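# Summary of structural features
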Amino acid sequence: ISFVFIYCLLIIFNFPFASLLSMTGGFLFGTLYGGMGIILGGTLGSFVVFLIAKFFFLNFVKTKILSKYTFVSDYFHKNDLELMLLIRLIPAVPFFAQNLILSGLGAQNFKFFYTTLIGLTPWAFIFASIGQGLQEIFIMNVPISFSLIAQPKYLLPLIVMVILILSVIFFKKKFKR
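No experiment lies behind these values; they were computed from the predicted model shown. (Residues numbered from 1 in each chain as written. Predicted model: local features only at pLDDT ≥ 70, side-chain atom pairs only at ≥ 80, totals over all residues. Heavy atoms only, no water.)

### Structural notes on unusual backbone geometry
If a residue is not glycine, its phi is most likely negative; likewise, a peptide bond is most likely trans. We apply this condition: Put simply, DSSP marks the helices as runs of H or I at least four residues long and the strands as runs of E at least two long, and each gets a number from the N terminus on.
The phi dihedral of N14 falls on the positive side, at around 55 degrees, and the residue is not glycine. Within the secondary structure, N14 sits in the loop between α1 (2–12) and α2 (18–56).

Below is the structure:
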């Protein structure tokens, strides 16, 4: 509970090394519990930032940032769920900026919450599994090798992320027909 609370606060205050904190969760609590803590803390922290940005900075984000990129707004209004999931799954934009952009685009609270929950899940387990792998290397003195990385507990989150991205793209094409 303390880890979730601290993680949530650090997301709210834009801690620059959230991925290190995520690996720490895996190191301390293992892939499953560390991943769940990351998902819960990250989703709640993002939602708080989203609500604050939506309430206080909506006009600023719209006029100063999104007005320069009208194609993003146009695309969002046609494909809001797809864009929200892809923004979360493909880490091209910093996490804090993702929250601001989605608030400026006028994302609905419920859609933001569950797309964040879904989009953070594979990344949470990837970073938690890396953290658990560090535990195995440092504490249990397991030698670093490909067999350490090629275990299902490390590969499964990557496979889930690829499936989610492909599903978003596939279902978009299916619904456009």
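### Brief notes about the environment of S46
This is how the line gets drawn: When accessible area is computed with a 1.4 Å probe and restricted to protein chains, residues below 20% of their type maximum are described as buried, those above 50% as exposed, and intermediate ones as partly exposed. Any two residues whose heavy atoms approach within 4.5 Å at even a single point are treated as in contact. Under this definition, polar contacts are N or O atom pairs within 3.5 Å; protein pairs additionally need one hydrogen-donor-capable and one acceptor-capable atom, and for neighbouring residues in sequence, both atoms have to be side-chain atoms.
For S46, the location among the structural elements is in helix α2. By relative accessible area, which is 0% here, S46 ends up buried. Placed 49 residues apart in sequence, S46 and F95 show a C-alpha to C-alpha distance of 8.5 Å. Dropping the residues within four chain positions of it, S46 is found in contact with I11, R88, F95, N99, F112 and T116. From its side chain, S46 meets the backbone oxygen of G42 in a polar contact 2.8 Å long.

### Notes on the pattern of salt bridges
Put simply, the rule is: Any carboxyl oxygen of Asp or Glu that lies within 4 Å of a side-chain nitrogen of Lys or Arg is treated as forming a salt bridge with it.
Taken as a whole and judged by the stated rule, the model has one salt bridge. Residue D80 is joined to K111 by a salt bridge in which the shortest nitrogen-to-oxygen separation is 2.7 Å. Here K111 lies in helix α7 (residues 109–138) and D80 lies in helix α5 (residues 80–89), a separation of 31 residues in the sequence.

### Things to note about the side chain of S103
By the element assignment, S103 lies in helix α6 (residues 95–104). If we skip the residues at most four places from it in the chain, S103 touches F50, A53, K54 and L58.

### Brief notes about the nonpolar core
The following threshold applies: We define the nonpolar core as a collection of buried residues of types Ala, Val, Leu, Ile, Met, Phe, Trp, Tyr and Cys that are connected through side-chain atoms lying within 4.5 Å of one another.
Core analysis: the largest hydrophobic core is formed by twelve residues, namely F47, F50, V61, L66, F76, L83, M84, I87, L102, L105, A107 and F112. For this core, the secondary structure elements donating two or more residues are α2 and α5. Sort the elements by how many residues they give to this core and α5 lands first, with three residues. Beyond its immediate sequence surroundings of up to four residues, F47 is in contact with N109, F112 and F113. Judged by nonpolar contacts, the second largest core, of ten residues, contains Y7, I38, F125 and A128.

### Quick look at α5
Of all ten residues making up α5, eight are buried, and the element is well covered by its neighbours. Looking at α5, one finds that the buried residues are E82, L83, M84, L85, L86, I87, R88 and L89.

### Considering the environment of L66
Within the fold, L66 resides in the loop between α3 (58–65) and α4 (70–78). Once you skip the residues sitting within four places of it in the chain, L66 turns out to touch V61, S73, I101, G104 and L105.

### Structural notes on a nonpolar patch on the surface
The following threshold applies: Residues enter a patch when their relative accessible area is above 30% and they make no salt bridge; the linking distance is 9 Å between like charges and 5 Å between nonpolar side chains (Val, Leu, Ile, Met, Phe, Trp, Tyr). Shrake-Rupley sampling with a 1.4 Å probe provides the accessible areas, and residues are treated as covered by the protein chains on show and by no other component.
Among the surface-exposed residues, I52, F55, F56, F57, F60, I65, Y69 and F71 lie close enough to one another that they form a single nonpolar patch of about 900 Å² accessible area. Of all the secondary-structure elements, those providing two or more residues to the nonpolar patch are α2 and α3. Tallying contributions element by element places α2 first for the nonpolar patch, with three residues. Relative to the helices and strands, I65 resides in helix α3.

### Some points on the packing of α1 against α2
Basically, it comes down to this: Axis lines are fitted through C-alpha atoms, for helices just across the contact stretch, and the angle between N-to-C directions can take any value from 0 to 180 degrees. For classification purposes, an angle smaller than 35 degrees is called roughly parallel, one larger than 145 roughly antiparallel, one from 65 to 115 roughly perpendicular, and anything else oblique. Crossings are sorted by hand: turned counterclockwise from the far helix by less than a right angle, the near helix makes the crossing left-handed, and turned clockwise it makes it right-handed. All residues other than Ala, Val, Leu, Ile, Met, Phe, Trp, Tyr, Cys, Pro, Asp, Glu, Lys and Arg, Gly among them, are scored as polar; the first ten of these are nonpolar and the last four charged.
Here α1 crosses α2 at 50 degrees, and the two axes come no closer than 7 Å. The orientation of α1 with respect to α2, classified from their angle, is oblique. In the packing of α1 onto α2, the handedness of the crossing is right-handed. Each residue belonging to the contact of α1 with α2 can be placed in one class, and the counts come to 15 nonpolar, eight polar and no charged.

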